[in-house]
Amino acid sequence: MARYALVIGIAEYVSPSLPRLSKTTNDAEAIAQLLEQYGDFQSVQRLPQRWNKDKNGYEMATQKVTGAQLGQDLRNFLLEQAANNEALIYFSGHGFTISDNLGQQKGYLASSDCQIEFKDNENVEQKYGIPLDSLNDLIRDSQLSSLVMLLDCCHSGYFLERQLIERTLNAFSSQKDYYLITACRGFERAGVIKSEEYSIFTGAVVKGLAIENVGSSRRISGDRLFDFVSNELKGSVQEPIRMGWGRSITLVTYPQLDIPTGEKVAFNQENPYRGLYAFESEQAQYFCGRDEAVRTLISRLAESRFLALIGYSGSGKSSLVKAGLLPQLKGDRLPGSSEWAITSFTPGEHPLGKLVDILTRQQQQNKPHLFQIPHNNCNGL
């Protein structure tokens, strides 16, 4: 199956409210080169681009990109070029939000000709920007095998926090895999440090995709990249967030190293077979084959605060929750879920009293809480 990438870096803008971005072109070119060298992509398209005669190839350019051009290129890429194949989109540029008459925020990617109208120090109208709502719909309508998106712009987290959970989450079929990382939360601005070569987020991405971050498989997946970026940005002005479904998606692959003959290779001697015991969170790496069931559970949690998992005794309910669902939540599969406190208890003869007792003890924490209540007798619920 072929892989295609679209790398967008918009540095020049017409509107005085959208200043020129000094690092965007360099950021996008660094990502494009990494993908070309180690991503095994059939094509890495740059927007905007120019021909470099000395290098005999395309490179990122600094010319303006209109809203019409940006929209058309995104449509062509998602609906035609990458159809039925693997796709990756990287965007570096301005992002902004607009407040409607009901006080609701809507996110946009800014094109070079984007115009923004202010009222009482708030953005209230815009022209020529790309609405994240519409981009979300376009992705839902696409026939991609998999999709990776990296958004390095202000308010990029809006795409995950507001739109993806509400709509795209249920639109992706079990045959589609996707992984999305944003530079910051929906209410944050993506930052730069003048003395650094790249923006804060893209600088961390470039390091995270470097050979120094590969494991024994010589591959860097979306999860491995996000773990690195998240650690790099701790204590900075922005917090990256992610969301992903399906199988692990490899972003770059480095050549295998030759292991000298006779060198001993360490391996894990732990027996992964649990017998009749349930899998615990610590055995999540050995819990395989229930991806679709885990995906269904998280989809339900995105829609409701109550989730009932019912089945015969010994059918694997506890394993599915402990080794399937909980590790995914700890990995921030839902924004902020890594911060949820988790409590597991058996109802016993007085289930309501036990629940009240636990709620009383947790009341002072003032943060989201997840209760797991295993029970094999439906009459006791």
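Residues numbered from 1 in each chain as written. Predicted model: local features only at pLDDT ≥ 70, side-chain atom pairs only at ≥ 80, totals over all residues. Heavy atoms only, no water.

Peer 1: How would you explain the overall build of the chain if you had to name every residue and give the values?
Peer 2: Scanning the chain for helices and strands turns up nine helices and 17 strands. Buried positions account for 48% of the 381 residues belonging to the chain. Contacts in the chain between residues far apart in sequence, at least 24 positions, make up 72% of those at least 6 positions apart. Here the chain has roughly 20,800 Å² of accessible surface; of this, 47% comes from carbon and sulfur atoms. (Helix = DSSP H or I, 4+ residues; strand = E, 2+ residues; numbered from the N terminus. Buried < 20%, exposed > 50% of the residue type's maximum accessible area, 1.4 Å probe, protein only. Contact = heavy atoms within 4.5 Å. Areas by Shrake-Rupley, 256 points an atom, 1.4 Å probe, with all protein chains shown as cover.)

Peer 1: Can you lay out the sheet that holds strand 10 (residues 130-131) for me, pointing to particular residues and giving the numbers?
Peer 2: The strand order across the open sheet formed by three strands is 6-7-10, and the pairing between neighbours is antiparallel. Both outer strands of the open sheet, strand 6 (95-99) and strand 10, are each paired with one neighbouring strand and no more. As paired strands, strand 7 (residues 105-109) and strand 10 are joined by two bridges and run antiparallel to one another. Paired with leucine 109 across the two strands is isoleucine 130, which belongs to strand 10. (Pairing = 2+ DSSP bridges.)

Peer 1: Which residues make up the environment of arginine 185, and what are the values?
Peer 2: In this structure, arginine 185 sits in the loop between strand 12 (177-182) and helix 5 (200-208). With 56 residues separating them in the primary sequence, arginine 185 and isoleucine 241 have C-alpha atoms 6.7 Å apart.

Peer 1: Before we move on, can you summarise the pairing of strand 12 with the specific residues and values?
Peer 2: When you tally the buried positions in strand 12, you get six out of six residues, the bulk of the element. Every second residue of strand 12 is oriented toward a common face, with Asp177, Tyr179 and Ile181 on one face and Tyr178, Leu180 and Thr182 on the other, all of them buried. Where strand 12 lies against strand 14 (residues 241-245), five bridges are found, and the strand directions are antiparallel. Note that in strand 14 the partner of threonine 182 across the bridge is isoleucine 241.

Peer 1: Give a detailed account of the pattern of salt bridges, specifying residues and quantitative values.
Peer 2: All told, the structure shown has 14 salt bridges when counted by the stated rule. Here glutamate 36 makes a salt bridge to arginine 46, at a shortest N to O gap of 2.8 Å. Taken as a pair, glutamate 36 in helix 1 (residues 24-38) and arginine 46 in strand 2 (residues 43-47) lie far apart in primary sequence, ten residues in all. A relative accessible area of 43% means that glutamate 36 is categorised as partly exposed. A relative accessible area of 3% places arginine 46 in the buried class. Of the charged contacts, one joins lysine 207 and glutamate 232 as a salt bridge, the two residues approaching to 3.7 Å between their closest N and O atoms. Linking lysine 207 in helix 5 with glutamate 232 in helix 6 (residues 222-232), this pair joins segments that are 25 residues apart in sequence. With a relative accessible area of 38%, glutamate 232 lands in the partly exposed category. Put simply, Arg3, Glu86, Asp177, Arg247 and Arg295 are held in one network by salt bridges that share partners. (Salt bridge = Lys/Arg side-chain N within 4 Å of Asp/Glu carboxyl O.)

Peer 1: So what's going on with the sheet that holds strand 11 (residues 146-152)? Residues and values would help.
Peer 2: Taken together, six strands build an open sheet; the order of strands is 2-1-5-11-12-14 and the sheet is mixed. On the outer flanks of this sheet lie strand 2 and strand 14, each paired with one strand and no other. Geometrically, the sheet is characterised by an average inter-axis angle of 5° between neighbouring strands, direction not taken into account. Running at roughly 15° to strand 12, helix 6 makes contact with strand 11, strand 12 and strand 14 of the sheet. (Axes fitted to C-alpha atoms, helices over the stretch in contact; angles between N-to-C directions.)

Peer 1: Now, about unusual backbone geometry: what can you tell me, with residues and values included?
Peer 2: Among all residues except glycine, the phi angle is most often negative; among peptide bonds, the trans geometry is most common. Here leucine 47 and proline 48 are connected by a cis peptide whose omega angle stands at -5°. Note that proline 48 resides in the loop between strand 2 and strand 3 (49-52). Backbone geometry at asparagine 84 places phi at a positive 65°, although glycine is not the residue there. Along the chain, asparagine 84 falls in the loop between helix 2 (67-81) and strand 5 (86-92). The backbone of tyrosine 128 sits at a positive phi, close to 75°, despite the residue not being glycine. Relative to the elements of secondary structure, tyrosine 128 occurs in the loop between strand 9 (122-127) and strand 10.

Peer 1: Can you lay out the packing of aromatic side chains for me, pointing to particular residues and giving the numbers?
Peer 2: Considering all chains together, one arrives at four aromatic pairs under this definition. Residues tyrosine 38 and tyrosine 254 carry aromatic rings whose centres are separated by 4.2 Å and whose planes lie at 35° to one another, so their mutual orientation is tilted. Of this pair, tyrosine 38 sits in helix 1 while tyrosine 254 is found in the loop between strand 15 (250-253) and helix 7 (291-303), placing the two residues 216 residues apart along the sequence. A cation over a ring is seen here: arginine 3 above phenylalanine 41, with NZ or CZ 4.5 Å from the ring centre. (Phe/Tyr/Trp six-rings, centres within 6.5 Å; stacked < 30°, edge-to-face > 60°. Lys NZ or Arg CZ within 6 Å of the ring centre and 35° of its normal.)

Peer 1: Describe the side chain of serine 146, naming the residues involved and giving the relevant values.
Peer 2: If you trace the backbone, serine 146 turns up in strand 11. Taking relative accessible area as the criterion, serine 146 reaches 2% and is therefore assigned buried. Not counting chain neighbours up to four residues away, the residues in contact with serine 146 comprise Asn85, Glu86, Ala87, Asp177, Arg247 and Ile249.

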